[in-house]
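Survey of secondary and tertiary structure
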Amino acid sequence: SQLDRLFSTAKALGWPVRLHSEQISNIGGARLAARHGALACDHLEYATEEDALELARAGTVAVMLPVAYYVLADPQLPPIKYLRTHRVPMAVASDANPGSAPGASLQTAMNMARRLFGMTSNEVLDGVTRHAARALGLSQRHGQIAAGYRADFAVWSIDTLDELGYWIGFNPCSMVVRGGEIVLEREA
């Protein structure tokens, strides 16, 4: 297929690949992405258990895009159960675009991942930190607070982890740090 040729060429040039697939129907993209060792495969609403198994074997991150799911009012949820069963890392993103996901709020995407997809608070936190960094090929220096990692993080004035997927229209972010420098600070 053309995508096989494209991914093979990208791999030969040392470029990582990602794919949006299985959003409207299952077209076999998740397995193709897995065969090519894709960093990530996005959407996956129509992915099967076999797709999840192949993504797990390849180490490909499943990127959950709940804003697009909500806007398109698709009746098919992504196979969270199979992704969990096969330990596929799940990232969470806004998919901000004017066509199917006109929402740029990561906080809204986090809320929707909890409420619409049934992801746990820990899954959502991992999904917007370490699994997101992995999906972007940045996990060697981003995605967690640890020695040797770039200090990019937000401080949220919340009492429990469950509040990450709770608030709608209220932003409890009280500080943003980029490269170890405070770039935003406000009263909580």
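Residues numbered from 1 in each chain as written. Predicted model: local features only at pLDDT ≥ 70, side-chain atom pairs only at ≥ 80, totals over all residues. Heavy atoms only, no water.

The strand order across the open sheet formed by four strands is E1-E2-E3-E4, and the pairing between neighbours is parallel. Of all strands in the sheet, those bounded by a partner on one side alone are strand E1 (18–21) and strand E4 (90–92). Within this sheet the neighbouring strands show an average axis-to-axis angle of 25 degrees, counted without direction. Summarising the sheet, strand E2 (residues 40–43) and strand E3 (residues 61–64) pair through three bridges and their orientation is parallel. (Pairing = 2+ DSSP bridges. Helix = DSSP H or I, 4+ residues; strand = E, 2+ residues; numbered from the N terminus. Axes fitted to C-alpha atoms, helices over the stretch in contact; angles between N-to-C directions.)

Two aromatic rings are characterised by how far apart their centres lie and by the angle between their planes. According to the stated counting rule, one finds three aromatic pairs in the structure shown. For the ring pair Tyr166 and Trp167, a centre distance of 5.2 Å and an interplane angle of 80 degrees mean the geometry is edge-to-face. Among the residues examined, Trp167 registers a relative accessible area of 30% and is labelled partly exposed. (Phe/Tyr/Trp six-rings, centres within 6.5 Å; stacked < 30°, edge-to-face > 60°. Buried < 20%, exposed > 50% of the residue type's maximum accessible area, 1.4 Å probe, protein only.)

Another aspect to go through is the pairing of E3. Both faces of E3 are covered, namely the face carrying Val61 and Val63 and the face carrying Ala62 and Met64. In the sheet, E3 pairs with E4 via three bridges, with the strands oriented parallel. In the sheet register, Val63 faces E4, and the bridge partner there is Ala91.

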